[in-house]
Amino acid sequence: MVASLDDCSAIQLPALQQDKGLNHLTLSVSNLDVSIEFYCDLLGFQGEVCWNTGAYLSYGNCWLCLSLGKAKPSQDYTHFAFTYDSAVMLSVKQKEAFKAVRQWQSNSSEGDSLYIEDPDGHKLELHSGSLASRLDSLKVKPYDGLEWLN
């Protein structure tokens, strides 16, 4: 049986699971050293461990796994957003290495955002807002057809 959008009780998680979130993100990369340098030196991730075919990095509570392989980045709007303070985004943009970074979109939404690609073309967003700030902005300027689900 498929639950309708009006029947949110059919899809709610048990109370014990509601405090869980994203565990980790794994990206295939074609050159491990270049990707580690990009994420650590340019974006400020912390290198934790690396091995012949991968690395674990961290940024705040985000665990990022880089896995050596054939990278096939998304060709649509799919992207990965990381929380960054606006001042930190400015310092990233001022680094010499940033000159070689491709920006895939200009910001047009709430909060400061920087839309960039990693060395393999994975789309990233450095964003200074939160879900709460985005929802607040939708109260002022709602998307076409917006419906509040709770």
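No experiment lies behind these values; they were computed from the predicted model shown.

The calculated volume of the largest pocket comes to roughly 620 Å³. Contributing to the lining of the largest pocket are 27 residues, with Leu22, Phe80, Ala81, Phe82 and Thr83 lying nearest its centre. Broken down by secondary-structure element, the contributors of at least two residues to the lining of the largest pocket are β4 (62–68), β5 (80–83), β8 (123–127) and α3 (131–140). Per-element tally for the lining of the largest pocket: the top contributor is β5, with four residues. Of the residues assigned to the lining of the largest pocket, the class counts are eleven nonpolar, 13 polar and three charged. Space inside the second largest pocket adds up to approximately 200 Å³. What lines the second largest pocket is Val34, Glu37, Phe38, Asp41, Leu42, Lys95, Ala97, Ala100, Val101 and Pro119. Here the residues of the lining of the second largest pocket are counted per class, giving seven nonpolar, no polar and three charged.

Cut-offs applied
- Residues numbered from 1 in each chain as written.
- Predicted model: local features only at pLDDT ≥ 70, side-chain atom pairs only at ≥ 80, totals over all residues.
- Heavy atoms only, no water.
- 1 Å grid on protein atoms, 1.4 Å probe; cavity = no way out; pocket = protein on both sides within 12 Å on 5 of 7 lines; lining within 4 Å.
- Points joined across faces, edges and corners; volume = space filled by probe spheres on them.
- Helix = DSSP H or I, 4+ residues; strand = E, 2+ residues; numbered from the N terminus.
- Nonpolar A, V, L, I, M, F, W, Y, C, P; charged D, E, K, R; others polar.

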